[in-house]
Amino acid sequence: MKPVSLIQFLIEERRAGHINAELSLLIEVVARACKRIGVATGKGALGGVLGEAGTGNIQGEAQKKLDVISNEILLEANAWGGHLAACASEEMEDPQQIPDGYPKGQHLLLFDPLDGSSNIDVNISVGTIFSVLRCPDGVTEPKAEHFLQPGTTQLAAGYVVYGPATVLVLTFGHGTHEFTLDREIGSFILSRRGIRIPESTGEFAINMSNQRHWEAPMQRYIGELLAGKEGPRGRDFNMRWVASMVADVHRIVTRGGVFYYPLDAKIAKQGGKLRIMYEANPMAFIVEQAGGAATTGRQRIMEVQPSGLHQRVPVFLGSKTEVEVATRYHLEADGAQG
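Notes on the structure follow. Keep in mind the model is a prediction, meaning the values are calculated, not measured. (Residues numbered from 1 in each chain as written. Predicted model: local features only at pLDDT ≥ 70, side-chain atom pairs only at ≥ 80, totals over all residues. Heavy atoms only, no water.)

What follows is about the pairing of strand 17 (residues 315-318). As judged from the four bridges shared by strand 13 (residues 258-261) and strand 17, these two strands associate in the antiparallel manner. For Val258, the partnering residue across the bridge sits in strand 17 and is Gly318. Relative to strand 17, strand 15 (residues 293-295) runs antiparallel, the two being bridged by three bridges. By the bridge assignment, Ala293 is partnered in strand 17 with Gly318. (Pairing = 2+ DSSP bridges. Helix = DSSP H or I, 4+ residues; strand = E, 2+ residues; numbered from the N terminus.)

Looking at helix 1 (residues 6-15), one finds that the buried residues are Leu6, Phe9, Leu10 and Glu13. Down the axis of helix 1, the sector holding all buried residues measures 100°, keeping them to one side. Just downstream of helix 1 lies Gly17, where phi reads positive at about 80°. (Buried < 20%, exposed > 50% of the residue type's maximum accessible area, 1.4 Å probe, protein only. Arc of directions from axis to C-beta.)

Here we take up the sheet that holds strand 13. A sheet is described by the order of its strands in space; here five strands give the open sequence 12-11-13-17-15, paired in mixed fashion. With one partner strand each, in any of the chains shown, strand 12 (238-240) and strand 15 form the two edges of the open sheet. The sheet shows a mean angle of 15° between the axes of neighbouring strands, taken without regard to direction. In the packing of helix 7 (residues 276-289) onto the sheet, contacts are made with strand 15 and strand 17, and the angle to strand 17 comes to roughly 25°. On the sheet, helix 8 (residues 320-337) packs against strand 13, strand 15 and strand 17 and is oriented at approximately 155° with respect to strand 17. (Axes fitted to C-alpha atoms, helices over the stretch in contact; angles between N-to-C directions. Contact = heavy atoms within 4.5 Å.)

Looking now at the environment of Val315. In this fold, Val315 is placed in strand 17. Placed 35 residues apart in sequence, Val315 and Ala280 show a C-alpha to C-alpha distance of 6.6 Å. If near-sequence neighbours (up to four positions away) are discounted, Val315 is found in contact with Met245, Phe259, Tyr260, Tyr261, Pro262, Leu274, Ala280, Thr295 and Ile301.

What follows deals with the nonpolar core. Grouped together as the largest cluster of nonpolar side chains are 44 residues, with contacts concentrated most on Tyr159, Met245, Phe259, Met283, Val315 and Leu317. Sort the elements by how many residues they give to this core and helix 7 lands first, with nine residues. Apart from the residues within four sequence positions on either side, Leu317 is in contact with Met245, Val249, Ile252, Gly257, Val258, Phe259, Met283, Val287, Ala293, Ala294 and Val323. Formed by 42 residues, the second largest nonpolar core is a distinct cluster that contains Leu66, Ile98, Ile120 and Phe188. (Core = buried A, V, L, I, M, F, W, Y, C linked by side-chain atoms within 4.5 Å.)

With that settled, consider the packing of helix 5 (residues 216-227) against helix 8. Where helix 5 contacts helix 8, the two axes come as close as 8 Å, and the packing angle between them is 140°. Judged by the sense of rotation from one axis to the other, the crossing of helix 5 with helix 8 is right-handed. When helix 5 is examined against helix 8, the residues Pro217, Met218, Arg220, Tyr221, Glu224 and Leu225 are found in contact with a partner set consisting of Glu322, Val325, Ala326, Tyr329, His330, Glu332 and Ala333. (Left-handed = near helix turned anticlockwise from the far one by under 90°.)

Two elements in contact, helix 1 and helix 2 (residues 21-43), have axes separated by 10 Å at closest approach and are oriented at 160°. Between helix 1 and helix 2, the crossing angle belongs to the class labelled roughly antiparallel. The interaxial crossing formed by helix 1 with helix 2 has right-handed handedness. Where helix 1 abuts helix 2, its residues Leu6, Ile7, Leu10 and Arg14 lie against Ala21, Ser24, Ile27, Glu28 and Ala31. The class makeup of the residues in the contact of helix 1 with helix 2 is six nonpolar, one polar and two charged. (Parallel < 35°, antiparallel > 145°, perpendicular 65-115°, else oblique. Nonpolar A, V, L, I, M, F, W, Y, C, P; charged D, E, K, R; others polar.)

A sheet is described by the order of its strands in space; here eight strands give the open sequence 4-3-5-6-7-8-9-10, paired in mixed fashion. Of all strands in the sheet, those with a lone pairing partner are strand 4 (96-97) and strand 10 (187-192), marking the two edges. Both strand 6 (residues 126-134) and strand 7 (residues 156-162) contribute to a ladder of seven bridges, which runs antiparallel. What sits directly across from Thr128, in strand 7, is Val160. Lying on the sheet, helix 7 is in contact with strand 3 (84-89), strand 5 (107-115), strand 6, strand 7, strand 8 (166-171) and strand 9 (176-182); it crosses strand 6 at an angle near 85°.

Further remarks concern helix 3 (residues 65-79). With 15 residues, helix 3 should cover 21 Å at 1.5 Å per step; its first-to-last C-alpha distance of 21 Å lies within 8% of that length. Residues of helix 3 that are buried include every one of Leu66, Asp67, Ser70, Asn71, Ile73, Leu74, Leu75, Ala77, Asn78 and Ala79, and no others. (Expected span 1.5 Å × (residues − 1).)

Printed below as a string of structure tokens:
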């Protein structure tokens, strides 16, 4: 079969009525920007991009040099094309307006420019996550509140993994598809169409060092997995944890599994660890479109009404059967307390 390029795929999606020309252009621009981020990441120490930038992001986290570079690449690439009304980044407090003098479009872009950046210096896969919303009608200067739409309203979501291969995983709400960057020709080529995540799994990803801080239903659930064949689940489970959400989710999208970042006593005040707008919603959209499930442990992630641009939530996503069991345990515990 003749290879299908990302551009060709986007044209097919337009012809099928799944996307319009503006959204197609937006995805092309983001993919091109991610190729540039991939080049910067690939140079490692030779590119002078490793280490701290000496600055903090809006969450007060130390920024890596590549965080700042990736953010700039995405902002610059999307400023002039006429496909955006505004964009928002995990690295910035407020949305970035499109500069005057450039045409404006109907879309809002949200992104985590370099997810897992604490892994850059040790050469572990990192990535970019993005989400696309429609700008509300009649809004010419989008503010933070115009971005606060539930995940169900997303028009597109995707992530790029910068690993041994550079891979783009994308959904428009009509299945989840994977593209691999052919470095020789510089194009993303369709490598898997209509990805399906197995419903059951024997593999889970979680940061076990937080176990003592978890809520009781999470302790119960993971305890059962660790008990293996002799325990109530009657099978052995393997644990994986890269500490780069993109890498952990990509493993699930490739072969199944579950990823958990539950609420714990350390992060209870902030509501969770991962940001709903930049990480949880786009990943939930991608996973659901591949037949998986994504919840906060208590409700479907994509049905949460966001209250802030940098709001955090617990994240349970991946193979449907396991996510449902973990979510049921939390709801049962809430009912018992109620």
